[in-house]
Amino acid sequence: MVQLNQDFIKSIAKDMPAHLSMDDFISYSSKPLRPSIRINTLKISSQDFIALMAPKGWTLDPIPWCQDGFWISLDNNVQLGNTVEHLQGLFYIQEASSMLPPIALFSTLADKAEHTVLDMASAPGSKTTQIAAMMENSGLLIANEYSSSRVKVLHANVLRMGVSNTALTHFDARVFGEYMYDQFDAILLDAPCSGEGTIRKDPLALNNWGLAENSTIAETQKALLESAFLALKTGGSLVYSTCALSKLENQDVCEHLKSTFPEAVAFESLATLFPNADKACTDEGFLHVWPQIFDSEGFFIAKITKTCDVERQKPEPKKQKNFPFTPIASKVELELRQYFKQTFGIDIPTNDMLMVRDLEYWLFPARMSTLIGKMRFQRIGIKLADGLKKGFKARHEAIVALAEKSTGYELSQAQAIQYLMGRDIPLTDGGKPQGELIVTYHESALGVAKHLGSRLKNSLPRDLVRDKIADSDASITA
């Protein structure tokens, strides 16, 4: 049984609702979490994925608050993170409760193609990629992460999941209220927190729990929430969430925002967000998910609407200079579009921005045009291709993000494993050489290979090559 910090127990007892028991909390905290995944609808529908994996022994039980989220049970001890399906981005391993904040954010949001959305604390990318899927890769999603090492993880997950509508930033998120004042239709602040709700995943999470440290964390959360509110447009929606359990990091932080901007803050009730949501709902309409309510991690979710304008707190910063990208020439654009269409059957979106930097060709979300110069961006959109002396060389990320379903050379599972291990694929009856083509598995793009007749020459980027791939219907590894 997990050993809970006694100071934590005494503190949390004050915040636990009367209808819940501490004995149940301690009991559920000792149980392992039910494994759960979210199917990536940018690449496959949930219905198709379920049908695909059923013969492999995957049983998927719906998570009531997320139509593409499922608790998973397997016939064998499959290493989920090493399966071909995971590596090609058909699903994301994500705890069920962490799917709630994006669901709350989009519960009243329509016309997704017109929205500019901010995810203020994004890494490792579970909620970022969930939001991108809910936006159907339309509009613009700014994904921010303060930690340098975690930015790399975020970027890798964004690419794996085929996200193309996102720009990455690397800032202390307290700057957004100043630099991006009144810019976003919707904002998610999944704030850094004490992690009290993660005890089932990490039995050591509360070993060093202390009220003084948590009070310091709460002050940071208040500053981040104020920044988010200033960056939000009037009429926009803001979701504040944590995997903490105390009122100090949750209700108190939200009440601080309301006391700071009393005329502009409205709390939206989440009591009807999904069936039985009211079991976790507070008087204010927040979701305070304790582990024993839905047999999940602990989580807190508040939805806030900005009801009227709020004055800018600081003068508008100077515009950023020396933006290194320029629009590509119309002749080059035509050639690039023809290359993608004739070689891969891909139509580059016409509404987005085609940009160039040092013979690198990029596709930016159209709504970036209003934000360029306001702050520095680590990466915008997707890199389409590198320019060669004659023609272009398509980038892996562009292929996996833009390829239509079924457009490619379909591999068997054994061949797909070989491809992801960086190996060439021998062909017994390959016919005439066909040149560059998309290789697919489950009719979803894995990447690019060069068809040489007798073999497929592997073009997978070296940083994506894996030493071991798990068989998705056995515990054997190749």
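Data block above holds the structure.
Residues numbered from 1 in each chain as written. Predicted model: local features only at pLDDT ≥ 70, side-chain atom pairs only at ≥ 80, totals over all residues. Heavy atoms only, no water.

(A) View of the overall build of the protein. Across its full length, the protein holds 14 helices and 23 strands. Scaling as 2.2 N^0.38, a compact globule of 478 residues should have a C-alpha radius of gyration of about 23 Å, and the protein matches this with 24 Å. Projected onto its principal axes, the C-alpha coordinates of the protein cover approximately 75 × 55 × 35 Å. Out of the 478 residues belonging to the protein, those deemed buried represent 56%. Within the protein, contacts between residues separated by at least 24 positions form 72% of all contacts whose residues are at least 6 apart in sequence. For the protein, the computed accessible surface area is about 21100 Å², with 49% contributed by carbon and sulfur atoms. Averaging the positions of the 49 positive and the 56 negative side-chain charges in the protein gives two centres separated by 8 Å. (Helix = DSSP H or I, 4+ residues; strand = E, 2+ residues; numbered from the N terminus. Rg over C-alpha atoms; globule rule 2.2 N^0.38 Å. Buried < 20%, exposed > 50% of the residue type's maximum accessible area, 1.4 Å probe, protein only. Contact = heavy atoms within 4.5 Å. Areas by Shrake-Rupley, 256 points an atom, 1.4 Å probe, with all protein chains shown as cover. Lys, Arg positive; Asp, Glu negative; His and termini not counted. Charge placed at Lys NZ, Arg CZ, Asp CG, Glu CD.)

(B) Molecular detail of the state of the cysteines. This model, assessed by the stated rule, comprises zero disulfides. Note on C66: no disulfide assigned, nearest cysteine sulfur contributed by C243 at a separation of 18 Å. Between C254, a free cysteine, and C281, which holds the nearest cysteine sulfur, the sulfur-to-sulfur gap is 12 Å. (Disulfide = S-S within 2.5 Å.)

(C) Representation of a negative patch on the surface. On the surface, D252, E255, D283 and E284 cluster together into a negatively charged patch. You can call E255 partly exposed: its relative accessible area is 33%. (Patch = residues over 30% accessible without salt bridge, like charges linked within 9 Å, V, L, I, M, F, W, Y side chains within 5 Å. Salt bridge = Lys/Arg side-chain N within 4 Å of Asp/Glu carboxyl O.)

(D) View of the sheet that holds strand β15 (residues 360-364). Read across the open sheet, the five strands follow the order β13-β14-β15-β17-β18; overall the sheet is antiparallel. Each edge of the open sheet is held by one strand with a lone partner, namely β13 (326-327) and β18 (392-394). Across the sheet, helix α12 (residues 330-344) is in contact with β14 (353-357), β15, β17 (382-387) and β18; its angle to β18 comes to roughly 50°. (Pairing = 2+ DSSP bridges. Axes fitted to C-alpha atoms, helices over the stretch in contact; angles between N-to-C directions.)

(E) Seen up close, helix α14 (residues 413-420). Those residues of α14 not exposed but buried are Q413, A416, I417, Y419 and L420. Down the axis of α14, the buried set is contained in an arc of 160°. They therefore lie on one face. Lining the buried residues of α14 we find α4 (84-87), β20 (425-426), β21 (435-441), β22 (444-451) and β23 (455-458). (Arc of directions from axis to C-beta.)

(F) Summary view of the pattern of salt bridges. Inspection of the entire model under this criterion finds 20 salt bridges. Of the charged contacts, one joins E219 and K222 as a salt bridge, the two residues approaching to 3.2 Å between their closest N and O atoms. Taken as a pair, E219 and K222 lie in helix α9 (residues 211-231) at a separation of three residues, close to a single helical turn. For K222, a relative accessible area of 19% gives the class buried.

(G) Local environment of the pairing of strand β5 (residues 116-119). Across the two faces of β5 the burial is the same, with T116 and L118 and V117 and D119 all buried. Following the chain from β5 across helix α6 (residues 126-134) to the adjacent parallel strand β6 (residues 140-144), one finds a crossover that is right-handed. In the sheet, β5 pairs with strand β8 (residues 184-190) via three bridges, with the strands oriented parallel. If you follow V117 over to β8, its bridge partner there is A186. (Right-handed = clockwise from strand over helix to strand, strands pointing away.)

(H) A look at α12. Its 15 residues place the ends of α12 21 Å apart at the C-alpha level, agreeing with the 21 Å of an ideal helix rising 1.5 Å per residue. Regarding α12, the residues found buried are L336, R337, Y339, F340 and F344. Angular distribution of buried residues about the axis of α12 spans 155°; they occupy a single face of the element. Looking at α12, the residues exposed on the side facing more than 90 degrees away from the buried face are S330, K331, L334 and Q342. G345 sits one or two residues past α12 and shows a positive phi near 70°. (Expected span 1.5 Å × (residues − 1).)

(I) Looking closely at the side chain of R160. In this structure, R160 sits in helix α7 (residues 148-160). Of the side chains with opposite charge, E85 lies nearest to the buried R160, which makes no salt bridge, at 10 Å. Polar side-chain contacts of R160 include one of 2.7 Å to the backbone oxygen of H86. In this structure R160 touches K43, H86, L87, Q88, G89, F91 and Y92, once residues within four positions along its chain are discounted. (Polar contact = N/O pair within 3.5 Å; in protein donor to acceptor, adjacent residues only side chain to side chain.)

(J) Structural view of the packing of aromatic side chains. All chains considered together, the criterion is met by 23 aromatic pairs. Judged by centre distance (6.1 Å) and plane angle (85°), the ring pair of W65 and W71 falls under edge-to-face. Grouping residues by exposure puts W65 and W71 together as buried. In this structure an aromatic cluster arises from ring pairing among Y339, F340, F344, Y361 and F392. The side chain of K258 reaches across the aromatic face of F267, ending 5.6 Å from its centre. (Phe/Tyr/Trp six-rings, centres within 6.5 Å; stacked < 30°, edge-to-face > 60°. Lys NZ or Arg CZ within 6 Å of the ring centre and 35° of its normal.)

(K) Seen up close, the sheet that holds β21. Overall, mixed pairing links the five strands, which are arranged β19-β21-β22-β23-β20 in an open sheet. This sheet does not close on itself; its edge strands, each paired only once, are β19 (409-410) and β20. Where β19 lies against β21, two bridges are found, and the strand directions are parallel. Bridge assignment links Y409 to a residue of β21, and that residue is V439. Contacting β21 and β22, α12 crosses the sheet at an angle of about 65° to β21.

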